[in-house]
Amino acid sequence: MKTLSRVENIMFKALTSRFRSLGNQRGQSLSVPVFDGALKPNDVLEEAEVLVEKEGLEDLAVDCDGRIFAACGSEVFEVSMTGDLSLIIRLEKSITALCVLPGRRLVVGLGDRVVIAPGSTEEVVLTDAKGKAFTAITALSSCPDGILLICDASDKHSYPDWAWDLMSKNHEGRLLQYDTRSHEINVLAPGLAYAFGALQHSDNSILVSESWDHQVSRVGDRGKTQGVIEHLSGYPCRLSNAADGGFWLSVFATRTQLIEFVLQEDDYRREMMQTIDPKHWVSPAFSSGRDYLEPLQGGAVKTMGILKPWAPPRSYGLVIRYNANMIAQYAFHSRVGGCHHGISATAEIGDTLFVLSKGAGRILKLSSHSGEAN
Amino acid sequence: MKISKSLVKLRYRYWPDHIFGELLQKQWMETAVPMVVLLFTIVFFSLQIDNFISVSNLSDNFRQASELGFVVLGMSLVLIVGGIDLSVASMFAICNLVVLYCMHVLQLHVGVAILLTLLCGATLGAVNGILIGYLRMRAFLTTMVTLIIFKALHDLLNFKIAVPISSQFPDSAAWNFFGYGSFLSIPSAVWVFGIVAIASHIFLTRLRAGWHVMAVGGNRRSAYNTGLPVNRIVALSYVACGVFTAIAAMFYAARLSSPGADTGKGLEITVLTAAILGGIRLGGGKGSVMKAVLGTLIILLITNGLLRMATPAGSARIILAVILLLAATLEIRWFKNRHKAVEELYVSPTYLDMPALSAEATGLGSVFALNDRLEHSEMIGLGDIESPEDVVLDRNDHLYCGNRHGEIVRFLAPDYKEHEVYARIGGQPLGMTFDAGQNLFVCVGGMGLYRVTPDRKVELITDETNRSYLSIIDDSRLRLADDLDILPDGRILFSEATVRYEMHEWQTDSLEGRGNGRIILFDPKTKKTTTVLRDLTFPNGVVLASDNESILFAESWKCSVKRYWFDGPNKGTVEMVLENLPGYPDNINKASDGNYWLALMGMRSPAFDLAMRKPGFRRRMSKQLPGDEWLAPNINTGCIVKFNESGEILEVLWDHEGINHPMITSMREHKGYLYIGGIFNNRIGRLKLEGADENFISSGKYHV
């Protein structure tokens, strides 16, 4: 159903654009949803306490005892409440996803493979499913009953090349399910627009982030998905459980009209991909502002010594709190001109929320109720 | 790939995209639409009817056109003031009777008859004028009522005098000439109409009274507030309409000598159609004689053509009515959307092929290797000054800069803690320099070249240059003079960044990437201003070179610095000094060691360079995205370069994250220090230069 409607959509767009190109193009102005209501901007993330600062931080995981683990480069650390790191294991490759199964069994994604209980005698290595090798393991999530959710975001571009996947409009991400007891692996949903985060919701349905479609979808029968949180103003990634049956959604970057425009401009995009280093593309980013070869948008010009917080963002920090009914409650921001950008993971323990800013290479600690006053 | 690329290049090189927007912006473009309709009508009927464009047909057509034209002129005047006159047909009929009565029955002299008829027309118009102008009645209702009353009056008169008129004939050669004569084979009526039309054109466009008429139509309240006698102007326009109608009636009477009961029937519809087809606005304030003439010709050709094609009278009327409807719709659409069309078409990016960024620009080991020398500059006026585009120091070490409030601010030596407003200019001061007499010469955005004398008097030096013949927009005014230097003989060379945009639209100019700028010479002896170099891409940073025969200047969007000889054996030649810079050059000033300081206002980014090779991409971007979302040059970086005349880069100073000095637009060396300004900044930087000449002063060498 979904693919059909997508095909229809594409055909309709092609048809209308044919007519539009005859006349003026004023009617086609591009827009992205604004931060409104529960998403009203604040500086909570920017002002949050910095617990850990380390280059290469990637993912967070919590075990059933409330211990926090962080993946950083090719290492897994346990993070104490005071920010001390103790090394758990060092692997041969960069870790791209992390989670803990019941019984304190670590699971790590290493780009093209998933390793369960690495280094132990029970080590299991998964490299493919249904005849298709893994390419970009971006997120892992542990469910009750020994089920492990695996996000393989793309079939062409490895995790560091995520911008390629966005700019080539790839829609070949998969959500997989691995049963740790029967060792059976299943494809829950194929054809996802970058699967970058999954979670079993409190109503037992399974949610998956589709970054390039700016939505979180619910996985239904026979691989069908249905958007439940749609038209996000950013690119959603990993999800984590919250206290009352709700969840935290990390948004690693926000959309801009310029990026939406470049996604329409096939000729420009093709040449950009062929000739320019991805870190200087017109594309979202985990962090920005340190390299003068990055593109700049007119509104982001520093004026009178200030970069305006409402300038078009290249990178942004955003975490959104949803309740059990999937309604946004509040959000934490680090706005343009700040540095806690590129939020890629969250973990809630009691009243404390731990937020991993990949852009800044920091783990932040804040009260999970900081936004309720808003 | 290669071929298509060079095709794109050729297309943008030779196809003048920018002129369409410029054309559409012109006032006279409004007349272009009826002109096209007229040509279309002529072509259509010439294809349908043999001999449509023959001398006899044209001559007859023009005679009728002139008669109709007078009424249309009158109606146009009334429409321009914001009214409408439906009673023209009845007035026309009455005047027809009056002139016939004078000539046929009373056998008066032609001159007397004409005077009496004009008086009659004026009186009838005055009735409308007094009712609408002074008693403030609605034009539409009033003239509809007078239409009925005048018509009834005409019927009464006609009943009494039609027979005497028909039974007698005047014996006046002048009267016959009036009706049938021609001079140089052009009908008499056309001659008179031509003269009256030209006079009306001059009246409306060149005379104070005509401007008053336009003003009242444009905005009645504003006209009243500025003290115009609105009532009188409105009333007089109706009187004029009556007079014009009377003239038309006289030519009609002389030609046909017919006191018919149906005279002038339906004339008001024809006349209104003509006026609106010509592009005269129903709402008032817009219209011209040319439009009235064009509208008249279109209507006449159509009615005549339909007649010749033997269309039944009824359907001919229907066709006219449909045309009126279409014209009215088109008129509304056009007026509502013209500025949008201008917006759409005006920005016209061109192909700008920047060579790939050199490895040097990004390499760590090169002269461009990052350092933090600018991040630790001393701050002057932090928070007290906004937009110091250029900074200059006088002999006594006082520091001068402009701000965005349109003032020149002076920071007092030696510690620059105190400041005062040195002079109020009114526009953003850009490039500045002193002459030997301590006169401060300053380029002011949107205003031109100014001088502030030592006793703080602000004087205009020049704000216009010679207009180029082929330019569609008026390029005689200075829109964005931005930097200058004084030559040894006292002449001043200054740059104008763009002729197509205002100062605050500089970003749009960067998106366009066309050579919109120029270098201009002012000669104080002759007081003449002349353009010496054209088609430069955002020229900037004029500085006198060491040979005293040439200047260096920057072309910002082309990332190059060039040298232009204004004197000597190489006079007139331009030579490249620095090309393919990693950033966008702005002001250039002398360094104490004989080299030059160059401000890079921002750095090139590969994504923007690629966009410069995709004009279509940029055009669509400018239409679909708001300005704040456009891709822009990366100007959040601060960089100053020292170079020499042979094009070597000697030293680079960075604030690459733009902490203190994003977008450096100028710097000036003075007695061992470098002073740094930026148009988007709220501070001036001061940096100690090791080993620099402690007595060096960069400006104030020559007398103007």
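For every chain, the first residue of the written sequence is number 1, and numbering continues from 1 along that sequence. As a convention, the first chain written is A and the first ligand written is 1, with the rest following in written order. Given that this is a predicted model, residues contribute local features only at a pLDDT of at least 70 and side-chain atom pairs are listed and counted only at 80 or more, while totals for whole chains, interfaces and linings are drawn from all residues.

**Thoughts on the overall build of chain B**
Phase 1: Along chain B, the regular secondary structure elements total 19 helices and 27 strands.
Phase 2: Expected size for 704 residues packed as a compact globule is a radius of gyration near 27 Å; at 34 Å, chain B overshoots this value by more than 25%.
Phase 3: Across its three principal axes, chain B shows a C-alpha extent of roughly 110 × 65 × 45 Å.
Phase 4: Neighbour density around each residue's C-beta defines its exposure: 20 or more other C-beta atoms within 10 Å make it buried, 12 or fewer make it exposed, and counts between make it partly exposed, where C-beta atoms are placed from the backbone. A total of 704 residues make up chain B; the buried ones form 48% of that total.
Phase 5: Restricting to contacts in chain B with at least 6 residues of sequence separation, those with at least 24 account for 63%. A run of DSSP states H or I qualifies as a helix once it reaches four residues; a run of E qualifies as a strand once it reaches two. Both are numbered from the N-terminal end. Within these notes, the globule rule equals 2.2 Å times the number of residues to the 0.38 power, and the radius of gyration is based on C-alpha atoms. Here, residue contact means that the backbone-derived C-beta atoms of the two residues sit within 7 Å.

**Quick look at the overall build of chain A**
Phase 1: Across its full length, chain A carries five helices and 27 strands.
Phase 2: For chain A, whose C-alpha radius of gyration is 20 Å, the value lies close to the compact-globule estimate of 21 Å for 374 residues.
Phase 3: Overall, chain A is about 65 × 50 × 40 Å in size when its C-alpha atoms are taken along their principal axes.
Phase 4: Across the 374 residues of chain A, 47% fall into the buried class.
Phase 5: Within chain A, residue pairs in contact and separated by at least 24 positions form 52% of the contacts whose partners lie at least 6 positions apart.

**Focus: the nonpolar core**
Phase 1: Core analysis: the biggest nonpolar cluster contains 213 residues, and A:Ala70, A:Leu175 and A:Ala198 have the highest contact counts within it.
Phase 2: Ranked by residue count, the leading element in this core is strand S21 (residues 596-603) of chain B, at seven residues.
Phase 3: If we skip the residues at most four places from it in the chain, A:Ala70 touches A:Leu57, A:Leu60, A:Phe77, A:Val79, A:Leu356 and A:Ile363.
Phase 4: Counting 86 residues, the second largest nonpolar core, distinct from the first, contains B:Leu79, B:Ile247, B:Ala249 and B:Ile276. We define a nonpolar core as a collection of buried residues of the types Ala, Val, Leu, Ile, Met, Phe, Trp, Tyr and Cys that are connected via C-beta atoms lying within 7 Å of each other.

**So, unusual backbone geometry**
Phase 1: With an omega of 5 degrees, the peptide bond running from B:Ala413 to B:Pro414 counts as cis.
Phase 2: For B:Pro414, the position within the fold is in the loop between strand S6 (407-411) and strand S7 (419-424).
Phase 3: Despite not being glycine, A:Lys169 has its phi angle at roughly 50 degrees, a positive value.
Phase 4: Within the element layout of this structure, A:Lys169 appears in the loop between helix H3 (162-167) and strand S14 (173-179).
Phase 5: The phi angle at B:Asn580 is positive, at roughly 50 degrees, despite the residue not being glycine.
Phase 6: By secondary structure assignment, the location of B:Asn580 is in the loop between strand S19 (574-578) and strand S20 (583-590).

**A word on the sheet that holds S20(B)**
All names here are of chain B.
Phase 1: By definition, two strands form a pair when at least two bridges between them are found by DSSP. With antiparallel pairing, the four strands of this open sheet are ordered in space as S20-S21-S23-S24. Across the chains shown, the open sheet's two edge strands, defined by having one partner strand only, are S20 and strand S24 (649-655). Ignoring which end each strand starts from, the neighbouring axes of this sheet average 25 degrees apart.
Phase 2: Across six bridges, strand S23 (residues 638-643) lies against S24 in antiparallel orientation. Paired with isoleucine 640 across the two strands is leucine 653, which belongs to S24. Angles here are taken between N-to-C directions and fall from 0 to 180 degrees, while the axes themselves are lines fitted to C-alpha atoms, restricted in helices to the stretch in contact.

**As for the sheet that holds strand S23 (residues 317-322) of chain A**
Residue and element names in this part refer to chain A.
Phase 1: Taken in spatial order, the four strands make up an open sheet running S20-S21-S23-S24, and their pairing is antiparallel. Every other strand in the sheet has two partners, leaving strand S20 (234-241) and strand S24 (328-334) as the edge strands with one partner each. Taken over all neighbouring pairs, the strand axes of this sheet differ in orientation by 20 degrees on average, direction set aside.
Phase 2: The sheet contact formed by S20 and strand S21 (residues 247-254) spans six bridges and is antiparallel. Considered in S21, the bridge of serine 240 is made with tryptophan 248.

**Side note on the pairing of strand S14 (residues 517-523) of chain B**
Along any regular strand, the residues point their side chains to alternate faces of the sheet.
Residue and element names in this part refer to chain B.
Phase 1: Most of S14 is tucked away, with five of its seven residues classed as buried.
Phase 2: In this structure, strand S13 (residues 492-496) lies alongside S14, joined through five bridges in antiparallel fashion. Following the sheet pairing, isoleucine 492 is matched in S14 by phenylalanine 522.
Phase 3: Between the end of S14 and the start of strand S15 (residues 528-536), which pair antiparallel, lie four residues, with lysine 527 showing a positive phi angle near 60 degrees.

**Here's the deal with the interface of chain B and chain A**
Phase 1: Taken together, the contact between chain B and chain A spans 36 residues of the former and 36 residues of the latter.
Phase 2: Only Asp, Glu, Lys and Arg are considered charged, only Ala, Val, Leu, Ile, Met, Phe, Trp, Tyr, Cys and Pro nonpolar, and every remaining residue, Gly among them, polar. For the side of chain B that touches chain A, the residue count by class is 14 nonpolar, twelve polar and ten charged.
Phase 3: As defined by bridge partners, strand S22 (residues 296-297) of chain A adjoins strand S22 (residues 631-632) of chain B across two bridges and the pair is classed as antiparallel. Bridged to A:Leu296 within S22(B) is B:Ala632.

**Observations concerning the environment of A:Val216**
Residues and elements named next belong to chain A.
Phase 1: Relative to the assigned elements, valine 216 resides in strand S18 (residues 215-219).
Phase 2: By the C-beta count within 10 Å, which is 27 here, valine 216 ends up buried.
Phase 3: Sequence separation between valine 216 and alanine 193 is 23 residues, and the spatial gap between their C-alpha atoms is 11 Å.
Phase 4: Each residue touching valine 216, except ones within four places of it in the same chain, is listed here: Leu207, Ser209, Val228, Ile229, Pro236 and Leu249.

**A few points about the pairing of strand S3 (residues 68-72) of chain A**
Residues and elements named next belong to chain A.
Phase 1: Summarising burial for S3: five of the five residues are buried, a large majority.
Phase 2: Sheet analysis places strand S2 (residues 57-62) next to S3, joined by five bridges and oriented antiparallel. Directly across from valine 62, in S3, lies its bridge partner isoleucine 68.
Phase 3: Connecting the antiparallel pair S2 and S3 is a turn made up of five residues, with glycine 66 showing a positive phi of about 85 degrees.
Phase 4: Bridge count for S3 against strand S4 (residues 75-79) is five bridges, and the pairing is antiparallel. Its bridge partner being in S4, isoleucine 68 is matched across the sheet by valine 79.
Phase 5: As consecutive antiparallel partners, S3 and S4 are separated by two residues, and within that stretch glycine 73 has a phi angle of approximately 60 degrees, a positive value.

**Let's talk about the packing of helix H3 (residues 32-48) of chain B against helix H14 (residues 289-308) of chain B**
All names here are of chain B.
Phase 1: Put simply, H3 and H14 touch, their axes get as near as 9 Å, and they point 20 degrees apart. Compared by their axis directions, H3 and H14 come out roughly parallel. As H3 packs across H14, the resulting crossing turns out to be left-handed. Contacts between H3 and H14 involve Pro34, Met35, Val37, Leu38, Thr41, Ile42 and Phe45 on the former and, on the latter, Lys291, Leu294, Gly295, Leu297, Ile298, Leu301, Ile302 and Gly305.
Phase 2: Residues that form the contact of H3 with H14 fall into these classes: eleven nonpolar, three polar and one charged. Here the word oblique covers every angle except those under 35 degrees (roughly parallel), over 145 (roughly antiparallel) and from 65 to 115 (roughly perpendicular). Crossings are classed by handedness, with left-handed meaning an anticlockwise turn of the near helix from the far one by less than a right angle and right-handed meaning a clockwise turn.

**Quick look at the confidence of the model for chain A**
Phase 1: The quantity called pLDDT is the predictor's confidence in a given residue, expressed from 0 to 100. Of all residues in chain A, 91% attain a pLDDT of 70 or more, and the chain-wide mean is 89.
Phase 2: In this model, residues 21-27 of chain A is a region of pLDDT below 50 whose contacts with residues beyond four sequence positions or in other chains number eight contacts.

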